[in-house]
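Chain residues, written in single-letter form:
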Amino acid sequence: MDTHRLLIFREVARTESIAAAARKLGWTQPAVSQHLRQLERQAGLPLVVRHPRGIRLTEAGTTLLRHADAIATRLHAAEDDMAALANLSAGTVRLAAFPSACATLVPTAMTNLARHHPGLEIRLTECEPPEAAHLVTSGEADLAVLFSHDNQPPDHGPDLRLVPLTNDPVSLVVPTGHPAATATEPLTCLTSTPWIAGCPSCAAHLTRTCEAAGFTPDIRHSTDDYVVIQNLVARDLGVALLPQLALDAYRHPDVQVLPLGITGRALYLLCHREALQIPAVTQATRALQQAATAR
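Note that the coordinates shown come from a computational prediction; the quantities given were computed from them, not determined experimentally.

On to the packing of helix α2 (residues 18–25) against helix α3 (residues 29–43). Between α2 and α3, the shortest axis-to-axis distance is 8 Å and the interhelical angle comes to 110°. As the angle between them shows, α2 and α3 are arranged roughly perpendicular. Between α2 and α3 lies a crossing whose hand is right-handed. Residues Ile 18, Ala 19, Ala 22 and Leu 25 of α2 form the contact with α3, whose participating residues are Gln 29, Val 32, Ser 33 and Leu 36. Per-class residue counts for the contact of α2 with α3 are six nonpolar, two polar and no charged.

Here it is as structure tokens:
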């Protein structure tokens, strides 16, 4: 059955008059009558009995009216839900981000969103950039925070949009009092020192950085946990390169951070192109951009 005709029938039933329904709907009486006849043909039963003062519902008409009322209620509820989503008093954004962003940028953005749009819900999943990008591609996340090194944007498909977010400098982390802290070129003091590497992308960046300084790093330990890395460094079990976000999230009192002036990593937001037309995703994107700018 045609939903539009059901709603017209509902108006006829409630006013008990085709003429009154036509006036309320702003239509002509013949047009309302035509829709009513077509609905009766679809139902296979007469829905109203016409008399000089209006109409009377048949048993079939009374039964169908209950369904028409339910449909009208659901349509009004749908309109209310759409309005809530449009004005950001409701909505959900599924966000994926790597650990140091989850500990710094994301909480700031989520706090601002909760303050200004308390009906907006953010659901966060922590994962490394390749997994986060996959979640967006597969439709399991609306938005992902990614990073890449050496000014090379992450690969993304034609249906996805990559939004630059900020730059994240990378520094050398050594134990307090290490000779590298006073060296003109700190990396030259570390040719035979054990190194601690992070994720595959970070480990590759570490290797390229050391090779540019004339040596291949002796990577003894690998962990994605920046707290573990700094604890290992503090106990003189190795040195590491760490991005500023990781150092903002946690700073061990027994390590020194030495800026190297090298290319760090660039942060991006990834989403489907159509997702930026969704008010909740647009607002979450702005909140993350503001959190990155405020660093």
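Below, the discussion takes up the packing of helix α1 (residues 3–15) against α3. A pair of packed helices can be characterised by two numbers: the angle between their axes and the separation between those axes. Where α1 meets α3, the axes come as close as 9 Å, and the angle between the chain directions of the two elements is 115°. What the angle tells us is that α1 and α3 run roughly perpendicular. In this structure, α1 crosses over α3, and the sense of that crossing is left-handed. Contact residues: α1 offers Arg 5, Leu 6, Ile 8, Phe 9 and Val 12, while α3 offers Val 32, His 35, Leu 36, Gln 38, Leu 39 and Gln 42. Partitioning the contact of α1 with α3 into residue classes produces seven nonpolar, three polar and one charged.

As a further point, take the environment of Arg 5. Considering the arrangement of structural elements, one finds Arg 5 in helix α1. Under the relative-accessibility criterion, Arg 5 is labelled buried at 18%. A sequence separation of 35 residues divides Arg 5 from Glu 40, and the C-alpha atoms of the two residues are 9.9 Å apart. Residues contacting Arg 5, with those up to four places away along its chain left out, are His 35, Gln 38, Leu 39 and Gln 42.

Here we take up the packing of aromatic side chains. Scanning the entire structure with this criterion turns up one aromatic pair. Judged by centre distance (4.9 Å) and plane angle (85°), the ring pair of Phe 98 and Phe 147 falls under edge-to-face. Residue Phe 98 is found in the loop between β3 (92–97) and α5 (99–103), and its partner Phe 147 is found in strand β5 (residues 143–149); the two are separated by 49 residues along the sequence. Across from the ring centre of Phe 147, 4.4 Å away, lies the NZ or CZ of Arg 265, which sits over that ring.

This part covers α3. Between its first and last C-alpha atoms α3 spans 21 Å; for 15 residues at 1.5 Å apiece the expected length is 21 Å, and the two agree. Among all positions of α3, only Val 32, Ser 33, His 35, Leu 36, Gln 38, Leu 39 and Glu 40 are buried.

Our focus in this paragraph is the nonpolar core. Ranked by internal contacts, the top residues of the largest apolar core, which has 30 residues, are Val 145 and Leu 288. When contributions to this core are tallied by element, the ones reaching two or more residues are β3, α5, α6 (105–116), β5, β6 (160–168), β12 (265–272) and α11 (279–293). Here this core takes seven residues from α11, the largest share from any one element. Those residues in contact with Val 145 that sit more than four places away from it in its chain are Leu 95, Ala 96, Ala 97, Phe 98, Ala 101, Leu 165, Tyr 268, Leu 269 and Leu 288. In this structure, Ile 18, Val 32, Ile 55 and Leu 65 belong to the second largest nonpolar core, which totals 17 residues.

On to the side chain of Asp 168. Position of Asp 168 among the secondary structure elements: in strand β6. There is a polar contact of 3.2 Å between the side chain of Asp 168 and the backbone nitrogen of Gln 244. Among the polar contacts made by the side chain of Asp 168, one reaches the side chain of Arg 295 at a distance of 3.4 Å. If sequence neighbours within four positions are ignored, Asp 168 has contacts with Pro 243, Gln 244, Leu 245, Gly 264, Arg 265, Leu 267 and Arg 295.

On to the environment of Ala 181. Inspection of the secondary structure puts Ala 181 in the loop between β7 (170–175) and β8 (194–197). Looking at Ala 181, the relative accessible area reads 27%, which means it is partly exposed. Along the chain, Ala 181 and Asp 159 lie 22 residues apart, while their C-alpha atoms are 47 Å from each other. Not counting chain neighbours up to four residues away, the residues in contact with Ala 181 comprise Gln 256 and Leu 258.

Scoring rules and cut-offs
Residues numbered from 1 in each chain as written. Predicted model: local features only at pLDDT ≥ 70, side-chain atom pairs only at ≥ 80, totals over all residues. Heavy atoms only, no water. Axes fitted to C-alpha atoms, helices over the stretch in contact; angles between N-to-C directions. Helix = DSSP H or I, 4+ residues; strand = E, 2+ residues; numbered from the N terminus. Parallel < 35°, antiparallel > 145°, perpendicular 65-115°, else oblique. Left-handed = near helix turned anticlockwise from the far one by under 90°. Contact = heavy atoms within 4.5 Å. Nonpolar A, V, L, I, M, F, W, Y, C, P; charged D, E, K, R; others polar. Buried < 20%, exposed > 50% of the residue type's maximum accessible area, 1.4 Å probe, protein only. Phe/Tyr/Trp six-rings, centres within 6.5 Å; stacked < 30°, edge-to-face > 60°. Lys NZ or Arg CZ within 6 Å of the ring centre and 35° of its normal. Expected span 1.5 Å × (residues − 1). Core = buried A, V, L, I, M, F, W, Y, C linked by side-chain atoms within 4.5 Å. Polar contact = N/O pair within 3.5 Å; in protein donor to acceptor, adjacent residues only side chain to side chain.

None of the figures reported here should be taken as evidence of function without further support.
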